[in-house]
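# Coordinates in review
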Amino acid sequence: MKKVIVACGGAVATSTVAANKVRELCEKNGIAVDVQQCRISELAGRAEQADLMVTTAKVSRDYGVPVVHGIAFISGINLAATEAKILEILGN
């Protein structure tokens, strides 16, 4: 099972939308996934547990795991590209 951490500023609003979209995407593509939410400030402490981190805010730090900017789940802009990137990372 893959583990995805979805983060935003407060771990409530945008991360909930993005987390639900990641779950739906993985389900449609047969990927077993555990999606958890947190604040951006908590990423460093949770990175080693994750296969992927999806953030709704820009993050420039290297956490040692792939990070996908997931604002497309909120805006709808470049959604297909964001989904393709997530599937590429989780499919490996």
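The present account deals with the structure reproduced in this document. (Residues numbered from 1 in each chain as written. Predicted model: local features only at pLDDT ≥ 70, side-chain atom pairs only at ≥ 80, totals over all residues. Heavy atoms only, no water.)

## What to know about the overall build of the protein chain
Looking only at helices and strands, one finds four helices and four strands in the protein chain. Starting at the N terminus and walking to the C terminus, you meet the elements of the protein chain as β-α-β-α-β-β-α-α. The C-alpha radius of gyration computed for the protein chain amounts to 12 Å, which stays within 12% of the reference 12 Å derived for 92 residues, consistent with globular compactness. Relative to all contacts within the protein chain whose residues are 6 or more apart in sequence, the contacts with residues 24 or more apart total 54%. Looking at the protein chain, you have 10 positive and 9 negative side-chain charges, and the mean spots of the two groups are 4 Å apart. (Helix = DSSP H or I, 4+ residues; strand = E, 2+ residues; numbered from the N terminus. Rg over C-alpha atoms; globule rule 2.2 N^0.38 Å. Contact = heavy atoms within 4.5 Å. Lys, Arg positive; Asp, Glu negative; His and termini not counted. Charge placed at Lys NZ, Arg CZ, Asp CG, Glu CD.)

## Examining a nonpolar patch on the surface
A contiguous nonpolar surface patch, about 200 Å² in accessible area, is contributed by Val17, Ile71 and Ile74. Take isoleucine 74: it is sitting in helix H3 (residues 72–75). Judged by its relative accessible area of 37%, isoleucine 74 is partly exposed. (Patch = residues over 30% accessible without salt bridge, like charges linked within 9 Å, V, L, I, M, F, W, Y side chains within 5 Å. Areas by Shrake-Rupley, 256 points an atom, 1.4 Å probe, with all protein chains shown as cover. Salt bridge = Lys/Arg side-chain N within 4 Å of Asp/Glu carboxyl O. Buried < 20%, exposed > 50% of the residue type's maximum accessible area, 1.4 Å probe, protein only.)

## Observations regarding the sheet that holds strand S4 (residues 67–69)
Taken in spatial order, the four strands of this open sheet run S2-S1-S3-S4, and their pairing is parallel. For this open sheet the edge positions go to strand S2 (33–39) and S4, each flanked by a neighbour on one side alone. Averaged over all adjacent pairs, the angle separating strand axes in this sheet is 25 degrees, with direction ignored. As paired strands, strand S1 (residues 2–8) and S2 are joined by seven bridges and run parallel to one another. Across the sheet, residue alanine 7 finds its bridge partner in S2, namely cysteine 38. Of the strands in this sheet, S1, strand S3 (52–55) and S4 are in contact with helix H4 (residues 79–91), which crosses S4 at around 170 degrees. (Pairing = 2+ DSSP bridges. Axes fitted to C-alpha atoms, helices over the stretch in contact; angles between N-to-C directions.)

## Remarks on the pairing of S1
S1 sits mainly inside the fold: six of its seven residues count as buried. Pairing geometry for S1 and S3, over four bridges, is parallel. Note that in S3 the partner of isoleucine 5 across the bridge is methionine 53.

## A word on the environment of threonine 16
Mapping threonine 16 onto the fold places it in helix H1 (residues 13–28). By relative accessible area, which is 31% here, threonine 16 ends up partly exposed.

## Re the nonpolar core
Core analysis: the biggest nonpolar cluster contains 17 residues, and Val4, Val22, Leu52, Val54 and Ile86 have the highest contact counts within it. Mapped onto this core, the elements with two or more residues apiece are S1, H1, S2, S3 and H4. Broken down by element, this core gets its largest block of residues, five residues, from H1. Residues within four places of valine 54 in sequence aside, it is in contact with Val4, Ile5, Val6, Ala7, Val22, Val68, Gly70, Phe73 and Ile86. Among the nonpolar cores identified, the runner-up in size contains nine residues, and Ala7, Leu43, Ala47 and Ala50 belong to it. (Core = buried A, V, L, I, M, F, W, Y, C linked by side-chain atoms within 4.5 Å.)

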